[in-house]
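The chain contents come next:
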Amino acid sequence: MAENPSSTAPKNRKIHRVRIGLNVLAQVALILFLAVMVNYLGFEHYRRWDLSRDKKYALSDKSKRFLHSVKGKMRITVFFGPNNPIGQDVQNLLTEYQYAAKGKIDVENIDPERSLSRAKEVFDKYKVVSDESLLIVDYDGRNKTVKASEMAEVDQGNPMLGEEPKIAAFKGEQAITSAMIDLVEGKKNAIGYVMGHKEPPLADAPPSMSPALRPNAGERSPISVLKTFIENENIKIQELNLFDVPAIPAELKTIMIVGPQYDFSDREMQLLREFWGKQGRILILLDPSAKTPKLAAFLNEVGVRVNDNRLTAMIKTGIQEVARVRDVIGKFLPESPITKRLAGVQAPFLGGTASLTLAPAEQSRGGNLKLQPLVEAEKGYWGEADYNSDDETLLQFTAGRDQDAPLNFAVAIEKGGSADDRVQANSARMVVVANSAFVQDNALTQDQQGLDFVSGSINWLLNREQLIGIAPKVPRTLTFSLDEKALRNLRWLILVLMPLIPAVIGTAVWWQRRA
């Protein structure tokens, strides 16, 4: 019996065009939603990394934390001509500021050669009288001008040899952040610089007249770089002679004592003790070679003893040559807010350095004192007690006479503060360093760790912990130091290996074609 074809043929299925259309529409909508979401997340929550060697535009922690603390809106108007050598650097740096500020900074760029009417309008508003390239920072009705010359150090070169001027160091972040701090904080913080004991002078020497009746510039202050660095953080340094005042002025909450060569009088020590008792803040940088027993007695009262020694180490200067050095390589300790962000960084402390001995915790607690070591000498140093001797046998480490590691030479002291760092409590604070030469101009290094440390100490004394950070660094030239073995390997690489590779490849190609 034959089958009916109609019974076995597949039935025509109904095509649900509406369902297919809805599926396609849903897929398109989902793709659009994902695209919009990815773009939104990329626009609002992106990250930036500076992978360059010099980190030229990477903002320091100090600037980032300051921008985070700013409450209002800030406007920056840039007047840079197209031929200014640092114009592009300034633009890139301001982009980093805008990113770190998260919408708190608006930037307007005006080319004064093309937008004449807009430039004149803004110049009239801010009373600008300079023809130099500059930018204007405006915040809460106050404004400050930052000139191009303040943002770069220019090496003029030698015109006789045809050398053109070039940018030696870009200091845009220091100048711009300093201007922002001035505007946000308003009134400058004042610090008293104690004089009268042959401390390094703050001011430059007055100009003198040459025999030809031409004025010669006076000798610069040995701490001119430190003074400028501190003043750039909205801090005013004013001289303070304790002989001339009945008490330390009330507007001075912090004072600096830098390298006194003579001891303080009884009356001066009384003023210091009264200042400390009224929750004063003191930064003391000691010259170990100076005899200041009354100042040392005051430090003993707060749990710090300055040892009569010099930190010394023996280093190799050749294959069989060893030299004795007293320039100390210090390591910053991480426990204090002053050095937390410098933890593990090594820094040179040039000049003589003594060690400090801190009172045990149970003794310091009796006076409600908190002592925190800040800097420790690296391994290999010892505290030499016979540092004035000419006998080489005595200038070696001797157990029981000389001090062994650990060797602390900087300490932070707080009286009356809270044990919890998150709690802000009124307290007296002090930072003591048994070295005063490391802040002088001739001892500062290119990496500026000494300035970073002093800046952190002062900001801690001023209760400005949010401004403690690492200052921007001067760009360094990339250099290679090759020993004899490395030079020999480089010679083989250039003379043998590099020519050999194309020779082998050419031989292989020739052999293949020949076959």
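Residues numbered from 1 in each chain as written. Predicted model: local features only at pLDDT ≥ 70, side-chain atom pairs only at ≥ 80, totals over all residues. Heavy atoms only, no water.

Focus on the overall build of the protein chain
Rule in force here: Strands here are runs of E lasting at least two residues and helices are runs of H or I lasting at least four, both read from the DSSP assignment and numbered beginning at the N terminus. Note on exposure labels: buried denotes an accessible area under 20% of the residue type's maximum, exposed denotes more than 50%, and partly exposed covers the range between, all computed with a 1.4 Å probe on protein chains only. Contacts are assigned to residue pairs that have any heavy atoms within 4.5 Å of one another. Per-residue and other accessible areas follow the Shrake-Rupley method at a 1.4 Å probe size, with only the shown protein chains counted as cover for residues.
The helix and strand inventory of the protein chain stands at 12 helices and 22 strands. When the 515 residues of the protein chain are sorted by exposure, 38% land in the buried category. Of all intrachain contacts in the protein chain linking residues separated by at least 6 positions in sequence, the fraction that spans at least 24 positions is 70%. A total accessible area of about 30600 Å² is found for the protein chain, and carbon and sulfur atoms account for 55% of it.

Overview of the sheet that holds strand β7 (residues 189-195)
Operational definition: A strand pair is defined by DSSP finding two or more bridges across the two strands. The axes used here are C-alpha line fits, helices contributing only the stretch in contact, and every angle between their N-to-C directions lies in the interval 0 to 180 degrees.
Strand order in the open sheet formed by 9 strands is β10-β7-β11-β12-β22-β21-β19-β16-β17, and the pairing between neighbours is mixed. The outermost strands of the open sheet, each flanked by one partner alone, are β10 (235-241) and β17 (346-349). When strand polarity is set aside, the average angle formed by the axes of neighbouring strands in this sheet is 25°. Direction of pairing for β7 relative to strand β11 (residues 254-258): parallel, over a ladder of 3 bridges. Looking across to β11, one finds that G192 is bridged to I255. Each of β10 and β11 is contacted by helix α7 (residues 224-231), which is oriented at about 130° to β10, the strand it contacts most. Taken strand by strand, helix α11 (residues 449-461) contacts β7, β10, β11, β12 (281-285), β16 (328-332), β17, β19 (369-377), β21 (408-415) and β22 (428-433), and its axis lies near 160° from that of β22.

Topic: α11
Using the following cut-off: To estimate how far a helix should extend, the number of its residues minus one is multiplied by 1.5 Å.
Across its 13 residues, α11 extends 18 Å between first and last C-alpha, which sits within 8% of the 18 Å expected from 1.5 Å per residue. In the segment just after α11, N463 is the residue with positive phi, at about 60°.

With respect to the packing of helix α4 (residues 87-101) against helix α6 (residues 172-185)
Rule in force here: Should an angle fall under 35 degrees it is called roughly parallel, over 145 degrees roughly antiparallel, and 65 to 115 degrees roughly perpendicular, with every other angle called oblique. Crossing handedness is read from the near helix: turned anticlockwise from the far helix by less than a right angle, it gives a left-handed crossing, and turned clockwise, a right-handed one. The residue classification treats Ala, Val, Leu, Ile, Met, Phe, Trp, Tyr, Cys and Pro as nonpolar and Asp, Glu, Lys and Arg as charged. All others, Gly included, are polar.
Interaxial distance between α4 and α6 falls to 11 Å at its minimum, and their mutual angle equals 45°. Regarding the angle of α4 to α6, the classification is oblique. Like other packed secondary-structure pairs, α4 and α6 cross with a definite hand, here right-handed. Contact residues: α4 offers L93, L94 and Y97, while α6 offers G172, E173, I176, T177 and M180. Taken together, the residues of the contact of α4 with α6 break down into 5 nonpolar, 2 polar and 1 charged.

Comments concerning the packing of helix α3 (residues 61-69) against α4
α4 packs onto α3 with a crossing angle of 50° between their chain directions and a minimal axis gap of 9 Å. As judged from the angle between their axes, α3 and α4 are oblique. Taken as a pair, α3 and α4 cross one another with a handedness that is right-handed. Taken together, the residues of α4 that come into contact with α3 (itself represented by S63, K64 and L67) are Y97, A100 and A101. Broken down by class, the residue content of the contact of α3 with α4 amounts to 4 nonpolar, 1 polar and 1 charged.

Points about helix α5 (residues 116-126)
Inclusion rule: The arc in question is traced by the directions running from the helix axis to the C-beta atoms.
Among the residues making up α5, those that are buried are A119, V122 and Y126. The arc that holds every buried residue of α5, seen down its axis, measures 70°, which confines them to one face. For α5, the exposed residues lying more than 90 degrees away from the buried face are L116, S117 and K120.

Quick notes on the packing of aromatic side chains
Definition in use: We call Phe, Tyr and Trp rings a pair once their centres come within 6.5 Å, taking the six-membered ring for Trp, and we label the pair stacked below 30 degrees between planes, edge-to-face above 60, and tilted otherwise.
Applying the stated criterion across every chain yields a total of 9 aromatic pairs. Seen in terms of ring centroids, F79 and F123 are 4.7 Å apart; in terms of plane orientation they differ by 55°. Their pairing is tilted. Remark: F123 occurs in helix α5 and F79 occurs in strand β1 (residues 74-79); sequence separation between them is 44 residues. Ring plane angle 75° and centroid distance 6.4 Å describe the contact between F349 and F453, whose orientation is recorded as edge-to-face. Of this pair, F349 sits in strand β17 while F453 is found in helix α11, placing the two residues 104 residues apart along the sequence.

Remarks on the confidence of the model for the protein chain
Put simply, the rule is: The predictor's confidence in any single residue is recorded as pLDDT, a number from 0 to 100.
Across the protein chain, the average pLDDT comes to 84, with 83% of residues at or above 70. Highest mean pLDDT in the protein chain belongs to β12 (97); lowest belongs to helix α1 (residues 5-8) (53).

A word on the environment of F79
Take F79: its relative accessible area is 2%, and that puts it in the buried class. For the pair F79 and E132, spaced 53 residues apart in the sequence, the C-alpha separation amounts to 8.7 Å.

With respect to the sheet that holds β1
Strand pairing in a sheet takes place through backbone hydrogen bonds and is either antiparallel or parallel in direction. Strands sit in the order β2-β1-β3-β4 across an open sheet of 4 strands; the sheet is mixed. Taken across any chain shown, the strands that pair with only one partner, and hence form the sheet edges, are β2 (105-110) and β4 (142-147). For this sheet the average axis-to-axis angle between neighbouring strands, irrespective of direction, equals 15°. Note that β1 and β2 share 6 bridges and pair parallel. What sits directly across from M74, in β2, is I105. Strands β1, β2, β3 (134-139) and β4 of the sheet are contacted by α5, whose axis makes an angle of about 125° with β1. Contacting β1, β2, β3 and β4, α6 runs over the sheet at an angle of about 165° to β4.

A word on the nonpolar core
Applicable threshold: Only buried residues count toward a nonpolar core, which is a set of Ala, Val, Leu, Ile, Met, Phe, Trp, Tyr and Cys residues joined through side-chain atoms within 4.5 Å.
Core analysis: the biggest nonpolar cluster contains 41 residues, and F453 and I458 have the highest contact counts within it. It is α11 that contributes the most residues to this core, 6 residues altogether. When neighbours within four sequence positions are excluded, F453 is seen to be in contact with F332, I338, T339, L342, F349, L374, V375, A410, V433 and F438. L252, L295, V432 and A434 belong to the second-largest nonpolar core, a separate cluster that totals 33 residues.

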